[in-house]
Amino acid sequence: MKKIILLTVLFIFQMSTVFASVEKHVDNGVNYEMSYPIVYTKDKAAQDKINQDIYHYIAAFRNDYDAGRFFL
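1. Concerning the overall build of the protein chain
- Across its full length, the protein chain carries 2 helices and 2 strands.
- For the protein chain, the sequential pattern of α-helices and β-strands runs α-β-β-α.
- Scored against the burial criterion, the 72 residues of the protein chain give a buried share of 18%.
- Contacts in the protein chain between residues at least 24 apart in sequence constitute 15% of all its contacts with a sequence separation of at least 6.

See the structure below:
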């Protein structure tokens, strides 16, 4: 039992650790200011997927705002 626990602990410690940093970006338009994160990681593919997902929300907001969906 001790060997299984020891092997499990060693396996967990050998798993790669993910490090990321986040930078604040600001988008300004007529009568709005939006802050959003840009994520940086060592894994370029993961970084691109995360930032693309964030960008889709930003683009949807801009499109809705430009189309007048926030005005009464």
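2. Re the pairing of strand β2 (residues 32-41)
- The sheet contact formed by strand β1 (residues 20-29) and β2 spans 10 bridges and is antiparallel. Bridged to Glu23 within β2 is Ile38.

3. Description of a nonpolar patch on the surface
- On the surface, a cluster of nonpolar side chains totalling about 430 Å² of accessible area is made up of Met1, Ile4, Ile5 and Val9.
- One can find Ile5 in helix α1 (residues 2-14).
- Judged by relative accessible area, which is 48%, Ile5 ranks as partly exposed.

4. Things to note about the environment of Ile38
- Structurally, the position occupied by Ile38 is in strand β2.
- Counting along the chain gives 16 residues from Ile38 to Ile54, while the straight-line C-alpha distance between them is 8.1 Å.

5. With respect to the side chain of Asp27
- With respect to the secondary-structure elements, Asp27 resides in strand β1.
- Among the polar contacts made by the side chain of Asp27, one reaches the side chain of Tyr32 at a distance of 3.0 Å.
- For Asp27, the side chain forms a polar contact with the side chain of Arg62, separated by 2.8 Å.
- Filtering out sequence-adjacent residues up to four positions away, Asp27 remains in contact with Tyr32, Glu33, Met34, Tyr36 and Arg62.

Criteria and thresholds
- Here the residue numbering is sequential within each chain, running from 1 through the sequence in written order.
- Owing to the predicted nature of the model, reporting of local features is limited to residues with pLDDT of at least 70; listing and counting of side-chain atom pairs is limited to 80 or more, with chain, interface and lining totals taken over all residues.
- Side-chain numbers come from the whole structure's heavy atoms, not from hydrogens or water.
- Numbering of helices and strands runs from the N terminus, with a helix taken as a DSSP run of H or I at least four residues long and a strand as a DSSP run of E at least two residues long.
- The cut-offs for exposure are 20% and 50% of the maximum accessible area for each residue type, with area from a 1.4 Å probe on protein chains only; residues under the lower value are buried, those over the upper are exposed, and the others partly exposed.
- Note on definitions: a residue-residue contact is assigned when non-hydrogen atoms from the two residues lie within 4.5 Å.
- The criterion for strand pairing is that DSSP finds at least two bridges linking the strands in question.
- Excluding any residue in a salt bridge, patches collect residues exceeding 30% relative accessible area, merging like charges within 9 Å and nonpolar Val, Leu, Ile, Met, Phe, Trp and Tyr side chains within 5 Å.
- Surface exposure here means Shrake-Rupley accessible area, sampled with a 1.4 Å probe, where a residue is shielded only by the protein chains that are shown.
- A pairing counts as a salt bridge when a side-chain nitrogen of Lys or Arg comes within 4 Å of a carboxyl oxygen of Asp or Glu.
- Within 3.5 Å is the distance limit for a polar contact, defined as a pair of N or O atoms, with the added protein rule that one can donate a hydrogen and the other accept it, and that residues adjacent in sequence qualify only through two side-chain atoms.

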